[in-house]
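Now for the letters of each chain:
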Amino acid sequence: AKFIEARFRFLIEENNVEAMLGLADLLYILKVREKYMGIDEITYRFFCRGRNLEEEAANEVYEEWISLYERAANKNVLEALLYLGRVYKKQNNYNKAKEYYEKAANLNNAEAAYKLACIIDDGCLLYAPTCGPVEFNEEEKQIIDKCVKLYFKAAYLGHTEAMSVISYCYEVGVGVEKDEQRSK
């Protein structure tokens, strides 16, 4: 494992993005293995109650792990952009999550466009008409327009959930003209 780690580090010096992601994953795997080494299932159940060893391992290598993914993301590696979007969203750091999802969406990734629209809208504006007629202010209209564009992009790229959202938009007339035919 030390040889592989050294090889990854050498390749990273050569700006090899696969090595960045490979080393990040290797560090995590080695830390998990270190945590589990010598622990059988029964011991784990009784003495590690409530502890999540995978999460503890991730926390111990977090700084270098994230740093490697960010370096790869700076080179527009889609896997890194999506991963960091998920990590920051899970941490409720929506500005960072939006930043990475936006970069991935600009690379025509359907999942990123969909996730970005979900973060921007946060489910508040787009679905408001289900409670009855709603008047939106200018700022809300701009947010809805941006979200609908992102949902259209994701749908065009094949994202099925985005297709459902677009269908709903046509059904109730949010961000688009109401159109029963297109809503089907």
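In this convention, every chain numbers its residues from 1, walking through the sequence in written order. Note on the predicted model: pLDDT of at least 70 is required for a residue's local features to be given, and 80 or more for side-chain atom pairs to be given and counted; whole-chain, interface and lining totals, by contrast, use all residues. By convention in this description, side-chain values take in all heavy atoms of the structure and omit both hydrogens and water.

Asks: How would you summarise the overall build of the protein chain if you had to cite specific residues and measurements?
Replies: For the protein chain, the helix and strand inventory stands at ten helices and zero strands. Here a helix means four or more residues in a row that DSSP labels H or I, a strand means two or more in a row labelled E, and each is numbered from the N terminus. Helices and strands in the protein chain line up, N terminus first, as α-α-α-α-α-α-α-α-α-α. Counting over 184 residues, the protein chain shows a buried share of 39%. The contact criterion used is simple: two residues touch if any of their non-hydrogen atoms lie within 4.5 Å. In the protein chain, the share of contacts with a sequence separation of at least 24, taken over all contacts with a separation of at least 6, comes to 50%. Using a 1.4 Å probe, accessible areas were evaluated by the Shrake-Rupley method; residue-level cover was limited to the displayed protein chains. Accessible area of the protein chain: about 11,400 Å², with a carbon and sulfur share of 50%. Here the term buried applies to any residue with accessible area under 20% of the maximum for its type, exposed to any over 50%, and partly exposed to those in between, with areas from a 1.4 Å probe on protein chains only.

Asks: Tell me about helix α7 (residues 94-106), and name the residues and values.
Replies: Expected span, for any helix, means 1.5 Å times one less than how many residues it has. Spanning 13 residues, α7 covers 18 Å between terminal C-alpha atoms, matching the ideal 18 Å at 1.5 Å per step. Along α7, the positions that sit buried rather than exposed are Ala97, Tyr100, Tyr101, Ala104 and Ala105. Projected down its long axis, α7 shows its buried positions confined to an angular sector of 140°, all on one face. For α7, exposure combined with an orientation more than 90 degrees from the buried face picks out Asn95 and Asn106. Phi turns positive one or two residues past the end of α7, at Asn108, with a value near 65°. Taking the helix axis as origin, the arc is that swept by the directions to the C-beta atoms.

Asks: Tell me what's going on with the packing of α7 against helix α8 (residues 110-121), and back it up with residues and numbers.
Replies: Between the N-to-C directions of two axes lies an angle of 0 to 180 degrees, each axis being a line fitted to C-alpha atoms and, for a helix, fitted only over the stretch in contact. It is the contact of α7 with α8, at a shortest axis distance of 8 Å, that shows an interaxial angle of 145°. For the crossing formed where α7 meets α8, the hand is left-handed. In this structure, α7 contributes Tyr94, Ala97, Lys98, Tyr101, Glu102, Ala104 and Ala105 to the contact, and α8 contributes Ala112, Ala113, Lys115, Leu116, Ile119 and Ile120. Along the lines of polarity and charge, the residues of the contact of α7 with α8 split into ten nonpolar, no polar and three charged. What makes a crossing left-handed is the near helix being turned counterclockwise from the far one by less than a right angle; a clockwise turn instead makes it right-handed. In this classification, the charged set is Asp, Glu, Lys and Arg, the nonpolar set is Ala, Val, Leu, Ile, Met, Phe, Trp, Tyr, Cys and Pro, and all remaining amino acids, among them Gly, are polar.

Asks: Describe the environment of Arg71, naming the residues involved and giving the relevant values.
Replies: With respect to the element layout, Arg71 can be found in helix α5 (residues 62-73). Linking Arg71 and Ile12, residues 59 residues apart in sequence, is a C-alpha distance of 9.7 Å. With near-sequence residues (within four places) excluded, Arg71 lies in contact with Ile12, Asn15 and Met20.

Asks: Let's hear about the confidence of the model for the protein chain: which residues, and what values?
Replies: Values of pLDDT, which run from 0 to 100, indicate the predictor's confidence residue by residue. On average, residues of the protein chain carry a pLDDT of 84, and 81% of them reach 70 or more. When the elements of the protein chain are averaged for pLDDT, helix α3 (residues 41-47) gives the smallest value, 56, and α7 the largest, 97.

Asks: Lay out the nonpolar core with the relevant residues and their values.
Replies: Among the nonpolar cores identified, the biggest contains 52 residues, and Tyr69, Leu84 and Tyr151 are the most heavily contacted of them. Per-element tally for this core: the top contributor is helix α2 (residues 17-36), with eight residues. Nonpolar cores are built from buried Ala, Val, Leu, Ile, Met, Phe, Trp, Tyr and Cys residues. Side-chain atoms within 4.5 Å join them into one set.

Asks: Would you mind going over the packing of aromatic side chains in detail, with residue names and values included?
Replies: We call Phe, Tyr and Trp rings a pair once their centres come within 6.5 Å, taking the six-membered ring for Trp, and we label the pair stacked below 30 degrees between planes, edge-to-face above 60, and tilted otherwise. Using the criterion set out here, one finds six aromatic pairs in the structure. Between Tyr88 and Tyr100 the ring centres are 5.9 Å apart and the planes differ by 10°, which places this aromatic pair in the stacked class. Separated by twelve residues along the polypeptide, Tyr88 in helix α6 (residues 78-90) and Tyr100 in helix α7 bring together distant segments of the chain. An identical accessibility class is assigned to Tyr88 and Tyr100; each is buried. Pairwise contacts between aromatic rings join Tyr28, Trp65, Tyr69 and Tyr83 into one cluster.

Asks: Lay out the pattern of salt bridges with the relevant residues and their values.
Replies: The term salt bridge refers to a side-chain nitrogen of Lys or Arg lying within 4 Å of a carboxyl oxygen of Asp or Glu. All chains considered together, the criterion is met by four salt bridges. Between Glu5 and Arg9 there is a salt bridge, with the nearest N and O atoms lying 3.1 Å from each other. Taken as a pair, Glu5 and Arg9 lie in helix α1 (residues 2-13) at a separation of four residues, close to a single helical turn. Looking at Glu5, the relative accessible area reads 13%, which means it is buried. On the accessibility criterion, Arg9 (31% relative accessible area) is partly exposed. For the salt bridge of Lys115 with Glu111, the shortest nitrogen-to-oxygen distance reads 3.5 Å. Note that Lys115 and Glu111 are positioned in helix α8 at a spacing of four residues, about one turn of the helix. Exposure remark for Lys115: the relative accessible area of 25% places this residue in the partly exposed category. Through salt bridges with shared partners, a single network forms among Lys2, Glu5, Arg9 and Glu64.

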